[in-house]
Amino acid sequence: MSDPGAAAADGRAQPLAVVVLISGRGSNMQALIEASRDPALRFRVARVFSDKASAPGLEAARRLGVPAEALVAAGRERADFDRELAERIEREQPALIAMAGFMRILSAPFIERFAGRMLNIHPSLLPRYPGLRTHARALAAGDREHGATVHFVTETLDGGPAVLQARVPVRADDDEARLAARVLACEHRIYPLAVRWFCEGRLRQHAGRAWFDGAPLDAPLQYEDLRPCA
Ligand code: GAR
């Protein structure tokens, strides 16, 4: 894999390769591809992989000119699948792997192989609501705010160091779909920003923490401190 820090330091204009992993719709993947067209953001989505052949995001990626392929996980040994996925990813020499609605748990050897170079986006204000059905759980708990988090990937499900959050007020008339739509719109803003920071060498995972501009983060950055989201 290339070293994003080195590329950023020597001022080369070469965009860094990012591989995106999806399982479904791929709207976050599309947000990353669209953002990468801005030459000020020094990354390109080199390839998209899905663990499901039926993922609509595969066709969406191809329409946007990005090679996309399924590596079907069903019926395969986890270690075997993860090894093949890792090998295929490495052919792209990516600086970063961005998980975007990739709904499969990856094994420890895979995560160790790409440690510090994997980001994920999750639809909740982590550490609240790791796992599934986050919007329904936030509504059931009567939360007044909900949101999304970009975090580094570690072996703990949705538990790696958090980088950036967007907070979304919960409205009295919200249902799961309405709340999910507003959170998703925020996801599409924060994920390209975090990927941009990583590719500029501003964002790192080191010693079990996320670091931004050379300092460890005690808490994730808040998008609202930068600009309002929802
Ligand atoms: C997004 O809301 C993403 O945060 C979530 O799946 C959705 C995928 O949508 N990911 C997770 O829940 C991972 N734990 P998309 O395919 O349209 O980007």
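For the structure, check the block above.
None of the values given here were measured: they were computed from a predicted structure.

(A) Expanded view of helix 2 (residues 27–36). Taken across its 10 residues, helix 2 has 8 buried, putting it largely inside the fold. Three or more residues of helix 2 are buried, namely S27, N28, M29, A31, L32, I33, A35 and S36. Buried residues belonging to helix 2 abut strand 1 (16–22), strand 2 (43–50), helix 3 (56–63), strand 4 (96–99), strand 5 (118–122) and helix 7 (176–199).

(B) Summary view of the layout of surface pockets. Quantified by volume, the largest pocket comes out at close to 900 Å³. Contributing elements (two or more residues each) for the lining of the largest pocket: helix 2, strand 5, helix 6 (134–140) and helix 7. In terms of residue class, the lining of the largest pocket is built from 16 nonpolar, 14 polar and 7 charged.

(C) Spotlight on unusual backbone geometry. Looking along the chain, the bond that leaves L126 and enters P127 is cis, with omega of 15 degrees. Position of P127 relative to the elements: it lies in the loop between strand 5 and helix 6. The phi dihedral of A207 is positive, around 50 degrees, even though this residue is not glycine. Within the secondary structure, A207 sits in the loop between strand 8 (203–206) and strand 9 (209–212).

(D) Region of the structure containing the sheet that holds strand 1. Ordered in space as 3-2-1-4-5-6-7-11, the 8 strands form an open sheet in which the pairing is mixed. Two strands lie at the open edges of the sheet, namely strand 3 (68–70) and strand 11 (221–222), each paired on one side alone. For strand 5 and strand 6 (residues 145–152), the ladder comprises 4 bridges, and the chain directions are antiparallel. In the sheet register, H122 faces strand 6, and the bridge partner there is T149. Contacts from helix 2 reach strand 1, strand 2, strand 4 and strand 5, with the element oriented near 155 degrees to strand 2. Packed onto the sheet, helix 3 meets strand 1, strand 2 and strand 3 and runs at close to 160 degrees relative to strand 3.

(E) Highlighting the packing of helix 2 against helix 3. Axis separation between helix 2 and helix 3 bottoms out at 9 Å; the angle between their running directions is 15 degrees. By the angle class used here, helix 2 and helix 3 are roughly parallel. Helix 3 is crossed by helix 2, and the crossing has right-handed handedness. Listed contacts from helix 3 to M29, Q30 and I33 of helix 2 are G57, A60 and A61. Taken together, the residues that form the contact of helix 2 with helix 3 break down as 4 nonpolar, 2 polar and no charged.

(F) Expanded view of the site of the ligand. As a structural note, the neighbourhood of the ligand is formed by R25, G26, S27, N28, G101, M103, I121, H122, P123, D158, L184 and E187. The backbone of N28 places a nitrogen or oxygen atom 2.9 Å from an oxygen atom of the ligand. Within the contact set of the ligand, a nitrogen atom lies 3.0 Å away from a side-chain nitrogen or oxygen of H122. The protein chains hide 88% of the 450 Å² of surface that the ligand would expose on its own. In this structure, the ligand is accommodated by the largest pocket. Listed by contribution, the elements that provide at least two residues to the shell around the ligand are helix 2, strand 5 and helix 7. Classifying every residue of the shell around the ligand by side-chain character gives 4 nonpolar, 5 polar and 3 charged.

What counts and how
- Residues numbered from 1 in each chain as written.
- Predicted model: local features only at pLDDT ≥ 70, side-chain atom pairs only at ≥ 80, totals over all residues.
- Heavy atoms only, no water.
- Buried < 20%, exposed > 50% of the residue type's maximum accessible area, 1.4 Å probe, protein only.
- Helix = DSSP H or I, 4+ residues; strand = E, 2+ residues; numbered from the N terminus.
- Contact = heavy atoms within 4.5 Å.
- 1 Å grid on protein atoms, 1.4 Å probe; cavity = no way out; pocket = protein on both sides within 12 Å on 5 of 7 lines; lining within 4 Å.
- Points joined across faces, edges and corners; volume = space filled by probe spheres on them.
- Nonpolar A, V, L, I, M, F, W, Y, C, P; charged D, E, K, R; others polar.
- Pairing = 2+ DSSP bridges.
- Axes fitted to C-alpha atoms, helices over the stretch in contact; angles between N-to-C directions.
- Parallel < 35°, antiparallel > 145°, perpendicular 65-115°, else oblique.
- Left-handed = near helix turned anticlockwise from the far one by under 90°.
- Near = heavy atom within 4 Å.
- Polar contact = N/O pair within 3.5 Å; in protein donor to acceptor, adjacent residues only side chain to side chain.
- Areas by Shrake-Rupley, 256 points an atom, 1.4 Å probe, with all protein chains shown as cover.
- Sits in = over half its atoms within 2 Å of the grid points.

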